[in-house]
Amino acid sequence: MGVLSDLRVIEIGSSAATCYCARLFADFGADVQKVEPPAGDPLRRSAPLTPGGQSAWFAFLNFNKSSIMIDSADPSAVTRLTALIEDCDILIDGRDVDPMDCPSIDMAAIRQQRPGLIHLEASWFGHDGPYAGFVATDSTVRALAGLIKLVGPVEGPPLHAPDFQTGILAGLWGFIAAASSALARMRGEMGRSWSLSIFESSIALSEYLMFEAFARGDVMRRIGTNRFWPTFPAGIYETKRGWLGITTGTPAQWRAFCDMLGLFELRDDPALILGVDRLRHVEQIERQFVPRLRMRTAQAWFAEGLKRKIPIVPVPKISDLLQNEEKKSRGAIVPILLGEEEGVTAGSMQRLTLTPPRRGGKVPGLGEQQNVAKIRSRPPRTMSASFDCIDAGGLPLQGIRVIDFTMGWAGPLCTRSLADLGADVIKIEAIQYPDWWRGVDRRPAYVDSRMYEMKPEFCVMNRNKRGITLDLTRPKGLALAKRLSAGADIVVGNYSVDVLPKLGLGYDVLRSLNPRLVMMSMSAFGTNSVHRDCRAYGSTLEQGSGLPSVIGNPEGAPVMSHIAFGDAVGGLNGCAAVLVALIHARNTGQGQFIDLAQIDCMMPFAAPWITVHSIEGMPPTRYGNRHPQFVPHGCFRCAGEDNWIVIAATDQDMWQRLALLIGRPDWATEPSLVPAEGRRRVEDVIEREIESWTLTRDADQAMSELQRVRVAAGVARLPIYLLKDRHLWAREFLQDVERPFIGLHPQPAMPIREAARPYTIRAAAPTLGQHNEEILSELLGLSKAEIAQLAKEGITGTVMLSEEELSKARGVSSA
C-alpha cells in the first residue's frame, strides 16, 4: 500500500511529460490507467529500442501502470472514457501534444458531475502566445529555452542531447501541480484544473543565466565544450585513467585545487580569485593544470579532492552505473520487465524513508491490467455535484508552513515552488553565514556597498518567502530555530549531511518536538552514501550522473549540458517529494524524513540508455546532434554571426514537407527516403542541403518558414534573449517585481497555471533579516526588548559581516 494508493489516475493523449507525471503517481501506489488506441501509444515505438524491440523510453515512463485500450471508432468509446474519468481522482491529459486518437470528451459536463476532479493538461507552449501553434520536439523546445546555444565548441555547432529532457522537467512540474491540488482537496476543496507549458517548464534550467545576464548584460557566449560562464573551471577533464568532473565555485575551493596540483603561482594570483576573473585566462590556466591531471587517475584525484573539500567527481560510464551497488540499494536503479525481457531503469528519486516508492515493476502490454490496479485502500473520493465542496479560490498550499534552511539554487527552488503555491516559507540565514547566492565575496567593499542584496539569482529563487537571521551556532539562535520548526509542517535543508544534525537540528531532535513534521535533506549523494562528505554543485551532479557519457560525438569527451544542471532538477524532485510526504502526514498524522540524493535525480535523463545497456550489454551509441529515431535532426548554421536553428523531421510527412521547402521535391517523392533508416544512410548529404538553405536566412526567418509548413524548428537562443521573448511576455510568464536595492526587475512565473495568466508573484525576495521582528514577535511571542537584545548580541541582524568582522565575532564567541 503506497502513500497514494487511494488515488485513481487516468492518463489520456501521448506526451513524455504527462507519461512521466502519471508514473510519479504510480511510484507511490496510485492506480494509473493509461488509455491507448488499438495501435498503442506512439511512444511504444520510440528509440532507443531493446534487442526485443521494446522502447526503453516508453518503459521508463510507464512501468507500474495499467493499459486500457479504447478504439475511438467504437460507438461506446465516448461513454467508456467518460465513465473512466468520472470515476477517477486525477486526469492527466497529453492530447494537445498528441491526441493519440483519443475519443472526444465533454470536460465541462464531467466537471459538473465530478467537481472534485483534478485535471492537468500539457502542451508544448500553452494555448496562447506567438508559439502556441508551433510544432515541437524535445530539442527544438530546449533551443528556444536557451539550453543549447552555450554548449559545445566555440566555432559550433552547439552540442546537445538528442532527447529525453523536457518531458522529465515538465512531468515533475505537472506532478507538483496535481499533488498540491490533492492536498488542497483534503481540506474539502473542489478539484483544480491546470495548464502546463513544456517550454516554460524547461526555463527552470535557464533562470540562473537569464538573470545573470539581466545584471551583467550580454556577456555570455559559447566558450568551448565543458566550459561555462561564469565559473571556471567547471567542466570535465581527462586523467591518466577516466574522466574527472571539476568545479571551483569559491575562492577557497580554487586555492585548494591549485594546492592539490602544486600550482602555487595560480593560487596566489589576486587576479584569479573569482571564477569570472579566471574566465579571462582560460587557455593559459588550462595549459598549466590539464597536463598535471593526466598524471593520476580520476579515482585518485577524487580521493585527494575529498580531503581538501573540492567539488570533484569521477565521470561514470553507463556500465559503471549498472555496477554501482549503492544506486541499486537506494532504488535509483530498479528492475523492470519489458515483455519477456528483464532490465533496469531509473527509479523514483523521491526517497521517503517511512513510505518509500515502489522499486521497479512491469511495463504494461497494450490493454494489460496489472495487479496494482486492483489494490485500493478505498474507493475514490466521490465528489458529485451535490457534494459540499469549498470553491478552490485560494492557493493550494495556503496554511502550510515551511522552515527553509537552504542556500544556492536547488533547495531554494524547492521552497520557492512551495511558496509560489501558497505556503508560508520562512528562510533562515545568518549575518555570519548568509545564503551563498548572495555572493561569496566577503571583502569590505562588497559588503559595505550591500552588493549581497543585488544578486539577481538570489532574488529569483527566494521570492514569496519571509526572511529571518539566526546564528544557529549559539544557544539562543538554535532554540528559536527549534521553536519555529516545532510549529512547521515542513523543514528543508540542503547543507552537507552532517551540518544540521551537528547543530542540534537533526530529524531525531525535531521529530520529538513535532511528530507530524516532514523533514527533507537535499544532500548531493544522500545521508548514507559512501560519498556523503563530497562537496558538490549542480555541475558536480551532472558530471557524476552518467549523462555526459552519452552526449556528444562518438570519439569525443563526455559533454556537460549546463553550468548547474543538477540544481534545478534536484529542486523540483525535492518539491515533489515533500508534497507526497505531506499527503501522508495529513492522512495519518505521521511525519517522516526524506533522504533526497540530488545526484540520483539526474539519472532519469539517461534512463533509456541505462535500460538498453542493461539488456544488450553494449555501450550506448553517442549521436552528437543527431537522434536515434528522427532523421534529419540537428543544429544548423543560419545567416549572421553564431546564429543557429534546431530542426527535426519526426515522421514521413514532416520529412516530405521539409524536402519541398528546401527545394528538393525529388527527395519528397524518393521511395528510398520514406523510412528514417533510408534517410540515415545519406544523413550527411541531407544535412548539407539543409544548411545551404538555412545559411541564406536569419534564424527567426528560417523558423517562421519551417513552422509555416509544420516542420519542428526552434532558434537556438541565448538566455538573455528570454528576457525579451515575445511569447513569454504575451503569456505574462515574466512579471515585473519591485525590490529594495535593485528596483524593478523581471521574474519568471511557474509553468503551471489555473487560469489564462499565472499566479501573481506576491512578494520580492527578502532582504537580509527583513522579517526578523515580524516572525519573532508574531510567531514566537518575543517582546521588543528581547528582540533588541538578540540583535545586540549578533544572533539576529540585517547586515552581512565582512571577513574581518566575522573573524572578530568568532573570537568574541569563543572567548
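Because the structure is predicted, anything quoted here is derived from the model rather than measured.

Trainee: Lay out the nonpolar core in plain terms, naming residues and giving numbers.
Mentor: Counting residues in each nonpolar core, the largest one holds 203 residues, and the members touching the most others are F25, F289 and L418. For this core, the leading source of residues is helix α23 (residues 565-588), giving 14 residues. Not counting residues up to four positions away in its chain, the partners in contact with F25 are L4, L7, V9, A30, V32, I90, I92, F175, A178 and A179.

Trainee: Describe helix α12 (residues 282-293), with residues and values.
Mentor: Note on helix geometry: an α-helix contains 3.6 residues per turn, so any two residues three or four positions apart are oriented the same way. Compared with an ideal rise of 1.5 Å per residue, which puts 12 residues at 16 Å, α12 spans 16 Å between its outermost C-alpha atoms and is within 8% of the ideal. All buried positions along α12 are accounted for by V282, I285, E286, F289, V290 and L293. Buried residues in α12, looked at end-on, bunch into an arc of 115°, giving them a common side. Buried residues in α12 make contact with β7 (234-238), β8 (243-247), α9 (251-261), α10 (264-268), α11 (275-278) and α13 (298-308).

Trainee: How would you sum up the pattern of salt bridges? Please name residues and give values.
Mentor: Inspection of every chain in the model, using the stated rule, returns 62 salt bridges. Residue R626 pairs with E687 through a salt bridge whose shortest N-O separation is 2.9 Å. With R626 in the loop between α24 (607-616) and β19 (633-637) and E687 in helix α28 (residues 683-694), the pair connects residues that are 61 residues apart, well separated along the chain. A residue is classified by how much of its surface remains accessible, and R626, at 24% relative accessible area, is partly exposed.

Trainee: How would you summarise helix α8 (residues 207-216) if you had to cite specific residues and measurements?
Mentor: Burial analysis of α8 places seven of its 10 residues in the buried class, the great majority of the element. Three or more residues of α8 are buried, namely E207, Y208, L209, M210, F211, E212 and A213. Tucked into the core, α8 has its buried residues touching α16 (410-420), α18 (456-461), β22 (734-739) and β23 (743-748). Among the residues trailing α8, G217 stands out with phi positive, at a value near 95°.

Trainee: Hey, could you go over unusual backbone geometry for me, with residue numbers and the actual values?
Mentor: Cis geometry is found at the peptide bond from A47 to P48, where omega equals 5°. Looking at the secondary structure, you find P48 in the loop between β2 (31-36) and α2 (56-62). Residue P632 follows V631 across a cis peptide bond; omega there is 0°. Mapped onto the elements, P632 comes out in the loop between α24 and β19.

Trainee: Residues and numbers for the pairing of strand β10 (residues 333-338), please.
Mentor: As defined by bridge partners, β10 adjoins strand β11 (residues 341-346) across six bridges and the pair is classed as antiparallel. Its bridge partner lying in β11, L338 is registered against E341. Count of turn residues in the β10/β11 antiparallel hairpin: two residues, of which G339 carries a positive phi of about 65°. As paired strands, β10 and strand β12 (residues 361-362) are joined by two bridges and run parallel to one another. By the bridge assignment, I336 is partnered in β12 with G361.

Trainee: Could you give me a rundown of the sheet that holds strand β1 (residues 8-13), with the residues and numbers involved?
Mentor: With respect to topology, seven strands assemble into an open sheet ordered β3-β2-β1-β4-β5-β6-β24, the strand pairing being mixed. Where the open sheet ends on each side, the last strands, each with one partner, are β3 (66-69) and β24 (752-753). Across five bridges, the pairing between β1 and strand β4 (residues 90-94) is parallel. Bridging across to β4, V9 finds its partner in I90. Against the sheet, helix α6 (residues 166-185) makes contact with β4, β5 (118-123), β6 (193-197) and β24, and its axis sits at roughly 165° relative to β6, the strand it touches most.

Trainee: So what's going on with the environment of V460? Residues and values would help.
Mentor: Within the secondary structure, V460 is located in helix α18. Between the C-alpha atoms of V460 and L354, which are 106 residues apart in sequence, the distance is 33 Å. The contact partners of V460, leaving out residues within four places of it in the chain, are E207, F211, R416, Q747 and P748.

Trainee: Lay out the packing of aromatic side chains with the relevant residues and their values.
Mentor: What the rule picks out here adds up to 24 aromatic pairs. Residues Y208 and W409 carry aromatic rings whose centres are separated by 5.6 Å and whose planes lie at 55° to one another, so their mutual orientation is tilted. One end of the pair, Y208, is in helix α8; the other, W409, is in the loop between β13 (401-405) and α16, and 201 residues separate them in sequence. Each member of the pair, Y208 as well as W409, carries the same accessibility label: buried. Judged by centre distance (5.3 Å) and plane angle (80°), the rings of F257 and F289 are edge-to-face. Note that F257 is positioned in helix α9 and F289 in helix α12, a separation of 32 residues in sequence.

Trainee: Which residues make up the sheet that holds strand β17 (residues 518-523), and what values go with them?
Mentor: The strand order across the open sheet built from six strands is β15-β14-β13-β16-β17-β18, with neighbouring strands paired in parallel fashion. Single-partner strands in this sheet number two, and they are β15 (465-469) and β18 (592-597). Across the sheet, the mean angle separating the axes of adjacent strands is 20° when strand polarity is ignored. In the sheet, strand β14 (residues 424-429) pairs with β15 via five bridges, with the strands oriented parallel. Bridge pairing links K427 to G467 in β15.

Trainee: Give me the lowdown on the packing of α9 against α12, citing residues and values where you can.
Mentor: The contact between α9 and α12 brings their axes to 10 Å, and the two run at 55°. As the angle between them shows, α9 and α12 are arranged oblique. The chirality of how α9 crosses α12 is left-handed. On α12, the residues that touch W254, F257 and L261 of α9 are I285, F289, R292 and L293. Residues belonging to the contact of α9 with α12 are distributed by class as follows: six nonpolar, no polar and one charged.

Trainee: A description of the environment of Y237 should follow, citing residues and the corresponding values.
Mentor: As for its placement among the helices and strands, Y237 is situated in strand β7. A relative accessible area of 6% places Y237 in the buried class. For the pair formed by Y237 and A557, sequence separation is 320 residues and the distance between their alpha carbons is 8.1 Å. Apart from residues lying up to four places away in sequence, Y237 is in contact with F232, G242, W243, L244, I246, E286, F289, V290 and L293. One polar contact links Y237 to E286, side chain to side chain, over a distance of 2.8 Å.

Trainee: Could you give an account of the confidence of the model for the chain, naming the residues involved and the relevant values?
Mentor: Interpreting fine coordinate detail is not advised for predicted regions of low pLDDT. Summing up the model confidence of the chain, the mean pLDDT is 94 and the portion of residues at 70 or higher is 97%. Confidence drops under pLDDT 50 across residues 373-388; counting only partners more than four residues distant or on other chains, this segment forms 42 contacts.

Trainee: Any chance you could break down the side chain of R222 for me, citing the residues and the numbers?
Mentor: The topology assignment puts R222 in the loop between α8 and β7. When its relative accessible area of 5% is taken as the criterion, R222 is described as buried. Of the polar contacts made by the side chain of R222, one reaches the backbone oxygen of V154; its length is 3.0 Å. For R222, the side chain forms a polar contact with the side chain of D642, separated by 2.5 Å.

Trainee: Lay out the packing of α16 against α23 with the relevant residues and their values.
Mentor: In the contact formed by α16 and α23, the axes pass within 7 Å of each other and the chain directions differ by 45°. In terms of their interaxial angle, α16 and α23 are classed as oblique. In this structure, α16 crosses over α23, and the sense of that crossing is right-handed. Across from A410, L413, C414, S417 and L418 in α16, the residues of α23 making contact are D567, A568, G571, L572, G574, C575, V578 and L579. When its residues are assigned to classes, the contact of α16 with α23 shows nine nonpolar, three polar and one charged.

About the criteria used
- Residues numbered from 1 in each chain as written.
- Predicted model: local features only at pLDDT ≥ 70, side-chain atom pairs only at ≥ 80, totals over all residues.
- Heavy atoms only, no water.
- Core = buried A, V, L, I, M, F, W, Y, C linked by side-chain atoms within 4.5 Å.
- Buried < 20%, exposed > 50% of the residue type's maximum accessible area, 1.4 Å probe, protein only.
- Helix = DSSP H or I, 4+ residues; strand = E, 2+ residues; numbered from the N terminus.
- Contact = heavy atoms within 4.5 Å.
- Expected span 1.5 Å × (residues − 1).
- Arc of directions from axis to C-beta.
- Salt bridge = Lys/Arg side-chain N within 4 Å of Asp/Glu carboxyl O.
- Pairing = 2+ DSSP bridges.
- Axes fitted to C-alpha atoms, helices over the stretch in contact; angles between N-to-C directions.
- Phe/Tyr/Trp six-rings, centres within 6.5 Å; stacked < 30°, edge-to-face > 60°.
- Parallel < 35°, antiparallel > 145°, perpendicular 65-115°, else oblique.
- Left-handed = near helix turned anticlockwise from the far one by under 90°.
- Nonpolar A, V, L, I, M, F, W, Y, C, P; charged D, E, K, R; others polar.
- Polar contact = N/O pair within 3.5 Å; in protein donor to acceptor, adjacent residues only side chain to side chain.
- pLDDT = per-residue confidence, 0-100.

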